[in-house]
Amino acid sequence: MSDAELDPKSDDGSEQHSAERSRQEKASTDGGALPPDVVEPDPELTPEEAERARKRYLLTRFWISARGYWGRGGEWLAWPCSIGLLALIVTNVGFQYGINIWNRAIFDAIEQRNAHAVYFLSAVFLPLALGSVALVVTQVSLRMLIQRRWRSWLTTALIGRWLANGRYYQLNLIGGDHKNPEARISEDLRIATESPVDFIAGVISAFLSASTFIVVLWTIGGALTLTIAGSTVTVPGFLVITAVLYAAITSSSMAVIGRHFVHVSEVKNQAEAEFRYTLTHVRENGESIALLGGEEEERSDLDKTFTNVLRQWALLARQHMRTTLVSQGSSLLAPVVPLLLCAPKYLEGSMTLGQVMQAASAFAIVQSAFGWLVDNYPRLADWHACARRVASLMMSLDGLERAEQSDALGRIQHGETEGDAMLSLNDLSVSLDDGTAVVRETQVTVEPGERVLVAGESGSGKSTLVRAIAGLWPWGDGSVNFHGDRRLFMLPQRPYIPSGTLRRAVAYPGAADSWPLDKIKAALDKVGLDYLNDRIEEEAPWDQTLSGGEKQRLAFARLLLHSPDTIVLDEATSALDEKSQDKMMEMIIHELPQITIISVAHRAELEAFHSRKITLERREGGAKLVSDIDLLPRKRKRNLLSRLVENRHSRPKGSTTPG
């Protein structure tokens, strides 16, 4: 069932983990539950029926993960808090019954003009009221504690799955209903965990209240005898029957009037998420938009998105108006109906004033319990929409997780090199998630201290190859192996600048206090950013403040601090002028003389800083590595590819061939 776009054809071998370790990781982050199998829709269903079946399954998928909070992998406080909440609800219903009995006694005392009883009951009311208020406050506190901790547990689990093995990046590469995952994790998941607790507590309270006060109504009201056309008709438990009929009419009216509420609420939430995403996109790309003068075009796009939000809100407002008509009318009539029904018996003297008021109070409580759906239908609809959006993201992650365990398409394996080699690509092929080849049959070995330049025309698959090396691109075949005791560091074309201080930005992904201040300043000096040393503890929007070249310099400062064994530079100097580029490369080679470098770049000037050059050539059926040459003499065994290029006629079928 789709989101069955996510059948097990996607794959992820992006981390150097065994299948068993991946299973353990999923068990720890999702309450011990492995991703459920794909459920395909019945092909005989109409599109409308298939969509309804998909939505039902989405709610099932949400509960598969959400109920884990009360499972073995959940939180130990889950059951004690839940049982405590149930006990408070039961006790509160007991206090409601006590107040109902008090209501009868006080009005009987007033009717009898019994001053002593009135004063006594007035004194009794204070502890009843205080106890009821204390119970309600405690109940609210415990209910919100469950909501908060459940949300925390499920959010932590979902974020863990989202971030694991680069899935947050891979979601951008596959199809599926998982747009705006940040909104689903924050806002939708909040509603999806808050509402069920409210609903369950409300249903239990409504059931207990209805059960208790139906007995009260039956006992007090008794039977009603009517004379119709000379015949006598006796209606037993007439107050109970009236309460049930009244609730049935209002609930069915709400169900009919609000039948489109769920769909409208879901579409409104999606429109809101798209509007937030558009605003965030403008903020994150403010410099480019300003330089290009694209304000009018962005305004047009924002207006279009916001207009859709307003349109969906208008539709939702109509639904609210209709449901409010039912709920408000019901709340106005509920107190009057029992008084009118009890009036004949009171006037004939078979009911006291206290019994009439007790019956009216009990009728209102029963009606409120039966009318729970009337009051909560809008929130129930909102919960359906939010739970489905969260479940859609879960299903996309399920697809990626299944792909990590599946051989349906093939995945790139990650392991350790043999001997001293820093990196080896063994028959590595990289493909899209639909199986289309991008790079085919690449065989490369990189020794310690080598500086390898990967060249090729645009679109030849260089960046895709780098992503596969880094473990971000899962689909393909063959293996990527690193030296087990060495550290790899990536420098992308657009360095990530986190929020906070400049010190944190330089230290990232390490903690800001991982290095002393003087060492961080020294790193900035070496990359030519010494003029920022006075602002190193300043919190500012550095991602917007720094230029592209400054960001790339800062990335090289990070490199000096982390001092890895191998670095992969993906167009990491593209924003620098040639002179600055040369300084950066010379500085890295001087400061880290033993480092192994793998560079992807277009500039021919970078050849001077590398000892070896391999070239990718775009071809039909996927790019191929066509040459592997030494730029500097080196004392090592010839690379396998180089030897194969020289002996291409003797290569077995299926191996890499030269260009």
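Note that the structure is a prediction, hence the values are computed from the model and not measured.

Engineer: Looking at this structure, I do not really get the overall build of the chain. What am I missing?
Structural biologist: Along the backbone of the chain there are 20 helices and 12 strands. Among the 659 residues that make up the chain, the fraction classed as buried is 47%. If you take every contact in the chain between residues at least 6 apart in sequence, the share linking residues at least 24 apart comes to 77%. About 32,100 Å² of surface is accessible on the chain, with carbon and sulfur atoms providing 57% of the total.

Engineer: Would you mind showing me how to read the nonpolar core here?
Structural biologist: A general tendency of soluble globular proteins is for nonpolar side chains to be buried together. In this structure, Phe 62, Leu 158, Leu 423, Leu 425, Val 430 and Val 480 are the most contacted members of the largest nonpolar core, which totals 64 residues. Among the elements that make up this core, the one with the highest residue count is helix α13 (residues 372-405) (10 residues). Setting aside anything within four residues of it in sequence, one finds Leu 425 in contact with Thr 442, Gln 443, Val 444, Leu 465, Ile 469, Ser 479 and Val 480. Counting 40 residues, the second largest nonpolar core, distinct from the first, contains Leu 546, Leu 554, Met 587 and Ile 597.

Engineer: I would appreciate a short explanation of a nonpolar patch on the surface in the present structure.
Structural biologist: Taken together, the side chains of Val 136, Val 140 and Met 144 define a hydrophobic patch exposed on the protein surface, amounting to about 220 Å² of accessible area. Among the secondary structure elements, Val 136 is positioned in helix α4 (residues 115-163). Given the relative accessible area of 37%, Val 136 is considered partly exposed.

Engineer: Hey, could you run me through the environment of Ser 599 in this one?
Structural biologist: By secondary structure assignment, the location of Ser 599 is in strand β10 (residues 596-600). Here Ser 599 falls in the buried class, since its relative accessible area comes to 3%. Linking Ser 599 and Leu 453, residues 146 residues apart in sequence, is a C-alpha distance of 4.8 Å. With residues near it in sequence (within four places) discarded, Ser 599 still touches Val 452, Leu 453, Val 454, Leu 569 and His 610. For Ser 599, the side chain forms a polar contact with the side chain of His 610, separated by 2.7 Å.

Engineer: In this structure, what is going on with the packing of helix α3 (residues 78-111) against helix α6 (residues 181-221)? I would like to understand it.
Structural biologist: The geometry of a pair of packed helices is captured by two quantities: the angle between their axes and the separation between those axes. Running from N to C, α3 and α6 point in directions that differ by 30 degrees, and their axes come no closer than 10 Å. Considering their axes alone, α3 and α6 lie roughly parallel with respect to each other. Both α3 and α6 take part in a crossing whose hand is right-handed. Across from Leu 85, Leu 86, Ile 89, Val 90, Val 93, Gln 96, Tyr 97 and Asn 100 in α3, the residues of α6 making contact are Ala 201, Ile 204, Ser 205, Leu 208, Ser 209, Thr 212, Phe 213 and Val 216.

Engineer: Quick question: what am I supposed to make of the packing of aromatic side chains here?
Structural biologist: One pair of aromatic rings is described through two measures. These are the centre distance and the angle between the planes. The tally for this structure, following the rule as stated, stands at 13 aromatic pairs. Measuring from centroid to centroid gives 6.2 Å for Phe 62 and Trp 383, while their planes differ by 80 degrees, and the two rings are edge-to-face. Highlighted residues: Phe 62 in helix α2 (residues 47-66) and Trp 383 in helix α13, separated in sequence by 321 residues. Across this residue pair, the class does not change: Phe 62 and Trp 383 are buried. Taken together, the aromatic side chains of Phe 62, Trp 63, Tyr 69, Trp 70, Trp 150, Trp 153 and Trp 383 make up a single cluster linked through ring pairs.

Engineer: Can you walk me through the pairing of β10 in this structure?
Structural biologist: A regular strand places its side chains on the two faces of the sheet in alternate fashion. Burial analysis of β10 places 5 of its 5 residues in the buried class, which makes it a mostly covered element. Covered by surrounding structure in β10 are Thr 596, Ile 598 and Val 600 together with Ile 597 and Ser 599, the residues of both alternating faces. Where strand β6 (residues 451-455) and β10 come together, 4 bridges link them in parallel fashion. Paired with Arg 451 across the two strands is Ile 597, which belongs to β10. Where strand β9 (residues 566-570) lies against β10, 5 bridges are found, and the strand directions are parallel. Bridge pairing links Ile 567 to Ile 597 in β10. Running through helix α19 (residues 578-591), the crossover from β9 to the neighbouring parallel element β10 is right-handed.

Engineer: Explain the pairing of strand β8 (residues 488-491) here, please?
Structural biologist: The side-chain alternation of β8 yields one buried face, formed by Phe 489 and Leu 491, and one unburied face, formed by Leu 488 and Met 490. As paired elements, β8 and β9 share 4 bridges and run parallel to each other. What sits directly across from Phe 489, in β9, is Ile 567.

Engineer: Before we go on, may I ask you to explain the side chain of Thr 278 in this structure?
Structural biologist: By the element assignment, Thr 278 lies in helix α8 (residues 261-284). Accessibility expressed as a relative area gives 11% for Thr 278, which makes it buried. Excluding its chain neighbours within four sequence positions, the residues that come into contact with Thr 278 are Asp 301, Leu 302 and Thr 305.

Engineer: What am I meant to see in helix α14 (residues 462-470) here?
Structural biologist: Since the α-helix advances by 3.6 residues per turn, residues separated by three or four positions end up pointing in the same direction. All of the buried residues along α14 are Lys 462, Thr 464, Leu 465, Val 466, Ala 468 and Ile 469. Backbone geometry just downstream of α14 places Gly 471 in the positive-phi region, at approximately 90 degrees.

Engineer: Sorry if this is basic, but what is going on with the pattern of salt bridges here?
Structural biologist: Side chains that differ in sign of charge can pair as their charged atoms come close. Under the counting rule described, the total for this entry stands at 17 salt bridges. When the shortest N-O distance is used, the salt bridge between Arg 143 and Asp 198 registers 2.6 Å. Of this pair, Arg 143 sits in helix α4 while Asp 198 sits in helix α6, placing them 55 residues apart in sequence. Taking relative accessible area as the criterion, Arg 143 reaches 19% and is therefore assigned buried. Across the pair Asp 398 and Arg 161 runs a salt bridge, and its minimum N-O distance is 2.6 Å. Of this pair, Asp 398 sits in helix α13 while Arg 161 is found in helix α4, placing the two residues 237 residues apart along the sequence. Grouping residues by exposure puts Asp 398 and Arg 161 together as buried.

Engineer: Teacher, can you tell me more about the environment of Leu 88 here?
Structural biologist: Relative to the helices and strands, Leu 88 resides in helix α3. For the pair formed by Leu 88 and Leu 142, sequence separation is 54 residues and the distance between their alpha carbons is 9.2 Å. In contact with Leu 88, not counting residues within four places along its chain, are Leu 135, Thr 138, Gln 139 and Leu 142.

Engineer: I tried to follow the packing of α6 against α8 on my own but got confused; where do I start?
Structural biologist: Across the interface, α6 lies against α8 with an axial gap of 10 Å and an inter-helix angle of 125 degrees. The pairing of α6 with α8 is recorded here as oblique in orientation. Two packed elements cross with a definite hand, and for α6 against α8 that hand is right-handed. Side by side, α6 and α8 meet where Glu 182, Ala 183, Arg 184 and Asp 188 of the first sit next to Asn 269, Gln 270, Ala 273, Arg 276 and Tyr 277 of the second. Split into classes, the residues belonging to the contact of α6 with α8 amount to 3 nonpolar, 2 polar and 4 charged.

Engineer: Help me understand the confidence of the model for the chain, please; the structure alone is not making it clear to me.
Structural biologist: Detailed reading of the predicted coordinates is not advisable wherever pLDDT falls low. Per-residue confidence for the chain averages 79 on the pLDDT scale, and 84% of its residues sit at or above 70. Model confidence for the chain, summarised as mean pLDDT per element, is weakest for helix α1 (residues 19-29) at 39 and strongest for helix α16 (residues 517-526) at 92. Below a pLDDT of 50 lies the segment residues 1-32, which in the model reaches 98 contacts outside its immediate sequence neighbourhood of four places, other chains included.

Scoring rules and cut-offs
Residues numbered from 1 in each chain as written. Predicted model: local features only at pLDDT ≥ 70, side-chain atom pairs only at ≥ 80, totals over all residues. Heavy atoms only, no water. Helix = DSSP H or I, 4+ residues; strand = E, 2+ residues; numbered from the N terminus. Buried < 20%, exposed > 50% of the residue type's maximum accessible area, 1.4 Å probe, protein only. Contact = heavy atoms within 4.5 Å. Areas by Shrake-Rupley, 256 points an atom, 1.4 Å probe, with all protein chains shown as cover. Core = buried A, V, L, I, M, F, W, Y, C linked by side-chain atoms within 4.5 Å. Patch = residues over 30% accessible without salt bridge, like charges linked within 9 Å, V, L, I, M, F, W, Y side chains within 5 Å. Salt bridge = Lys/Arg side-chain N within 4 Å of Asp/Glu carboxyl O. Polar contact = N/O pair within 3.5 Å; in protein donor to acceptor, adjacent residues only side chain to side chain. Axes fitted to C-alpha atoms, helices over the stretch in contact; angles between N-to-C directions. Parallel < 35°, antiparallel > 145°, perpendicular 65-115°, else oblique. Left-handed = near helix turned anticlockwise from the far one by under 90°. Phe/Tyr/Trp six-rings, centres within 6.5 Å; stacked < 30°, edge-to-face > 60°. Pairing = 2+ DSSP bridges. Right-handed = clockwise from strand over helix to strand, strands pointing away. Nonpolar A, V, L, I, M, F, W, Y, C, P; charged D, E, K, R; others polar. pLDDT = per-residue confidence, 0-100.

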